[in-house]
Amino acid sequence: MSTQCCKEKQNYVNVFLRNQNEPVYCYRSGLTVYEERFLDGALVPGGWNAAGYPLNVLSNYPSFIDLAPYMEPTSFHVELDGENMDFFLELKNYEEIQLENGSKEAVLTLRSTIKPVEIKVHTLLDGTPMFTRWLEVTNLSDKDMALSRLSVLSGALERMKNLRFYDADACAEDVYDIGYFHRNMTCEEGDFGWESLKFERTAISGRFHRGRHRYPAFFLKNKLTGMIWFGQMAWSSGFEFLFDYNAGHESNATALSFEMSVTGYHPLRLIAAGETYVSPKVHMGAIFGTLDDAVNATYDHIRKSVLNLPEANGDACLIGAGMGPEHDMSVETSKSFARQMGSLGGEIFIVDAGWYCPPGKEASEWWKRTGDWDFDKDRYPDGIEELIDYVHSIGMKFGLWMESERLGADAKICREHPEWFKKRPFGETIPGFVDFTNPEAAAWVESEIARIIEDYKLDLFRVDYNINSEQYNYVKDTVRYEYGTVKHYEAVSAMYGRLKKRFPGVIFENCASGGGRLDLDILRSFNHTWVSDEQKAPMAQYITNGLSLVLPPERLDRLVSGMGCHAYASLDAHIRNAMLGHVSLNVLNPAAAEYNELQRDFIKHSVDVYKSFIRPMIPTSRMYHHNEDISGVRKDGYSALELASADKTKAAITVFTVPGSKVQRVNIIPRGLDLSGTYRVTLDNTGESMTVTGRDLLMNGVSTRIMGVMTSELILVEAVEA
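The following refers to the structure shown. (Residues numbered from 1 in each chain as written. Predicted model: local features only at pLDDT ≥ 70, side-chain atom pairs only at ≥ 80, totals over all residues. Heavy atoms only, no water.)

Things to note about a nonpolar patch on the surface
Consideration 1: On the surface, a cluster of nonpolar side chains totalling about 510 Å² of accessible area is made up of Tyr-53, Val-57, Leu-58 and Tyr-61.
Consideration 2: Relative to the assigned elements, Val-57 resides in the loop between strand 4 (42-49) and strand 5 (77-80). (Patch = residues over 30% accessible without salt bridge, like charges linked within 9 Å, V, L, I, M, F, W, Y side chains within 5 Å. Areas by Shrake-Rupley, 256 points an atom, 1.4 Å probe, with all protein chains shown as cover. Salt bridge = Lys/Arg side-chain N within 4 Å of Asp/Glu carboxyl O. Helix = DSSP H or I, 4+ residues; strand = E, 2+ residues; numbered from the N terminus.)

Structure, rendered in C-alpha cells:
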C-alpha cells in the first residue's frame, strides 16, 4: 500500500493501553500517534509520532519525551481556588466508547487527593491525523469552587537532544516556524504568516489580550524533521496558544512545550457544589508533509467530527443575495433587487439590517433600533409578508437579518430591562450587550429568534454580532466574585444548538462584524459563515486564502459586489474570489439604472460555472494553497488557490495578481490531480481549452496568458477519456 493511499484512507483508530511500570495511553488515529503517561500522580505527554509507530516499538527502550527541562510538564492545567489540580491525582477509571461513525472516544477519570475534585479527560479519535480533547471538572464538595486557570491541552511537545544529527550546521533558532493569523482586528481576518519561534514564551492570543478577529488556530513545523503540528480551539471568547521554546543560540538540544488555554479575568468561572463543568474542545493534530496536507487533514476532521450536526449541514452552498441599509429599502426597490439577483442565479434573497426602521432611517438608525424586532409598518404598509411572498413567487428563498445578542439604545426593550446589562471591571455599564447568564434575558433572546423565524416563515436566518471583545469580559454579580464570560458563551452556544435543532430546515448563517466569531464551537450550529466585512481586493483575496487554511470552503461566505469592493480590481477578480467557497451576491447597479449586459452576462456565466462545475465537488473537496501566506503572495506578485475533487477528476484554480505586480505569465502546477489521468484544461478568460495528460500537468503545469494588475484567471480542469 502506498503512503498516499494510507493518507487517503486515514480510518484507523485505536487506543493502545499499557500498564507496566505506569499506565500509558497510546492514542492512534490514522498515522498520527499521541501518547500520555500517568506518572507519579500526574498525566503527562509521552510524545508524538506521525508515522504510525507507538513510542515503545523497542519495548524495553520507549522513546518518551525526557521531562527534565519542563517546569510544567502536565497534559492539562486546572486551578481551583488557587490550588493546582495537575498533580497528586489518582487514577479511578478508563473506558472506551465506540461511536457509530467508526470513531472512538476514550475517557480517563482522575481524582484529586488534595481537593474533592474529579477530572475526566476525553479524547475523540476519528481516523484523521487530528483528535479532539476536552475536560470535565466535577466539584464533589458542598461549596462552590473558583476556576482560575484552564489549559485544555498542554505540556511537553518535543525534546531534541542532538540537532547536529539532522544537519551539521543546524542552529536552534532556526528549528521551528510558527504559523498563525497575525492581525486581530475587523477587516484584517485571514492574514496568515510564518515566523521563527523565539527562545522565549510566545503567546498567540485573541478575544481577551488581543482583538476578536484573530482565528484561534496555529501551525507549527519542525524544519529539521518535517513534522507539522496544527491546532484549533473551539471557543468564542478569550484564548491563548503559548509556546515555551527553551534553547540557546549555541544549543545542540532544545525543549518545547505548549498550552491551549481559556483566558479572561479570574476567576474564569465558579463551579457550584456538585456541578460538572465541561471545558471548550480543542483540536490537535500532527503530520509529516506540507501545510496543505495539514489543511486537508483538518478538513477531514472538521467534516467528520466537528461541523457534523445534520441540521447544520453546509453542503448545499445555495447562493445568497441581499441588500441592506446601504440602499433604499422600500418594497419596490427590494422587489427590483430580488429580480436582479434572481436573474443572476441567486437562490436566496436576504434583507439585512434596517427592516425594522422607518423609511429614510435605515442607514442612520439600524444600529440604535436593534432589539425591537417587528417590521416597520410605514416601510411595509401591507406587511413584510408582501415582500416575502413576492420573493417566493419568483422562485427564491427568503432570509432576514437579526443582531439578537445586542440591544440598541433606542430599542424599547433596552429601556425596559436595564438589569439585563452588565458592567466592565472599571464599573461602567456595557451598553446593549445582553447578559446571557441572566436566565430571563437569555430566554427572551431565544424566544425572539424563534418568533421571527416562525412568524415570517424564514428560509434563512442571518445573525450578526457587533460588539468589541472587551464588552463580553464583564463582572457578574453573585454572592461570590465572578466574571461572566465563560458562562455567557456556554449559554450562547447552547441556545443556537437548540434553535438549529428546532428549525432544521432553516439555513443558519453566522456573522460577527464579519469574522469576529468563526470558531468551531459557534459554527457547529450554523450552515455557513460570513468570514469578513473586508471585500476589497487585494485584502479580500488574502482573507479567502488565509481562512481556507482552517475552515473548509463550503462554510466560507465570500461576497461579489457590495461593501465597497466594486471600486477595486477587475470584475472577474470579484466573482472568482467567491467561487471556491460559498458565493454571496450583491447589487450590481441601482434599481433605476439600466443593466450593463456585459457585466450581467459575465456574472451569470460565472454563477453557471459555479453551480455546474465547482459547487458539486466543494463538500468533499481538497484545497491547495500555491502561496502559503501574504508575504509570499506579495513577493510572487500573485496568489493561486486550487480546489480539487476528492477523486482527483476535477479542479478549479483561481489566480489573482496583486497591486504593483510585474507578473506577465503565471505557471501553475496542479496538486490535486492524478498522474495517470487525461484532462481537459479550460482558461475561462478566453474559453480556450486543451487536452493534457496528468503527467504533463503535474510535471510542467499550465500557464496563464499575460495578466494585468488586479486581474484574474480561472482554470478549469476535468478528466476525460484518453
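Details of unusual backbone geometry
Consideration 1: A cis amide bond links His-266 with the next residue in sequence, Pro-267, at an omega value of 0 degrees.
Consideration 2: Considering the arrangement of structural elements, one finds Pro-267 in the loop between strand 18 (254-262) and strand 19 (269-271).
Consideration 3: The omega torsion across Ala-537 and Pro-538 is 5 degrees, close enough to zero to call that bond cis.
Consideration 4: Mapped onto the elements of the fold, Pro-538 is located in the loop between strand 31 (528-530) and helix 11 (539-547).
Consideration 5: You will see that Ser-561, though not glycine, has its phi angle at about 70 degrees, which is positive.
Consideration 6: Examined against the element boundaries, Ser-561 turns out to sit in the loop between strand 32 (556-560) and helix 12 (571-576).
Consideration 7: Looking at Ser-561, the relative accessible area reads 9%, which means it is buried. (Buried < 20%, exposed > 50% of the residue type's maximum accessible area, 1.4 Å probe, protein only.)

Considerations on the sheet that holds strand 39 (residues 688-693)
Consideration 1: Spatially, the six strands line up as an open sheet ordered 34-35-36-41-38-39, and their pairing is antiparallel. The strands lining the two open edges of the sheet, one partner per strand, are strand 34 (622-625) and strand 39. On average, adjacent strands in this sheet sit at an angle of 20 degrees to one another, irrespective of strand direction.
Consideration 2: Direction of pairing for strand 38 (residues 678-683) relative to strand 39: antiparallel, over a ladder of six bridges. Bridging across to strand 39, Thr-678 finds its partner in Thr-693. (Pairing = 2+ DSSP bridges. Axes fitted to C-alpha atoms, helices over the stretch in contact; angles between N-to-C directions.)

Describing helix 6 (residues 385-393)
Consideration 1: When we look at burial in helix 6, the residues that qualify are Leu-387, Ile-388, Tyr-390 and Val-391. Along helix 6, the residues classed as buried sweep out an arc of 165 degrees about the axis, all on the same side. Turned more than 90 degrees off the buried face of helix 6, the exposed positions are Asp-389 and Ser-393.
Consideration 2: Of the surrounding secondary structure, the elements contacted by the buried residues of helix 6 are helix 4 (331-343), strand 23 (348-351) and strand 24 (397-402).
Consideration 3: Phi turns positive one or two residues past the end of helix 6, at Gly-395, with a value near 85 degrees. (Arc of directions from axis to C-beta. Contact = heavy atoms within 4.5 Å.)

Section: the pattern of salt bridges
When the charged atoms of two side chains with opposite charge come close together, those side chains can pair.
Consideration 1: By the definition in use, this model includes 45 salt bridges.
Consideration 2: Between Glu-490 and Arg-269 there is a salt bridge, and its shortest N-O distance comes to 3.0 Å. With Glu-490 in helix 9 (residues 485-502) and Arg-269 in strand 19, this residue pair connects regions lying 221 residues apart in the sequence.
Consideration 3: One network of salt bridges, in which partners are shared, links Asp-374, Glu-448, Arg-451 and Asp-455.

Examining the environment of Leu-224
Consideration 1: Inspection of the secondary structure puts Leu-224 in the loop between strand 15 (217-222) and strand 16 (227-234).
Consideration 2: Using a relative accessible area of 24% as the deciding quantity, one classes Leu-224 as partly exposed.
Consideration 3: Excluding anything up to four places from it in sequence, Leu-224 contacts Met-160, Leu-163, Tyr-166, Asp-167, Ala-170 and Val-175.

Structural notes on the packing of aromatic side chains
Consideration 1: One pass over the full model with this rule turns up 33 aromatic pairs.
Consideration 2: With 5.1 Å between their ring centres and 65 degrees between their planes, Phe-218 and Phe-241 make a pair best called edge-to-face. Placement of Phe-218 in strand 15 and of Phe-241 in strand 17 (residues 239-246) is noted, with a sequence separation of 23 residues between them. Exposure class is identical for Phe-218 and Phe-241. Each is buried.
Consideration 3: Taken together, Trp-355, Tyr-356, Trp-366, Trp-367, Trp-373, Phe-375, Tyr-380, Trp-401 and Tyr-456 form an aromatic cluster joined through their ring pairs.
Consideration 4: Sitting over the ring of Trp-194, Lys-221 keeps its end group 4.1 Å from the ring centre.
Consideration 5: A cation over an aromatic ring shows up here: Lys-281 above the ring of Trp-134, its NZ or CZ 4.4 Å from the ring centre. (Phe/Tyr/Trp six-rings, centres within 6.5 Å; stacked < 30°, edge-to-face > 60°. Lys NZ or Arg CZ within 6 Å of the ring centre and 35° of its normal.)

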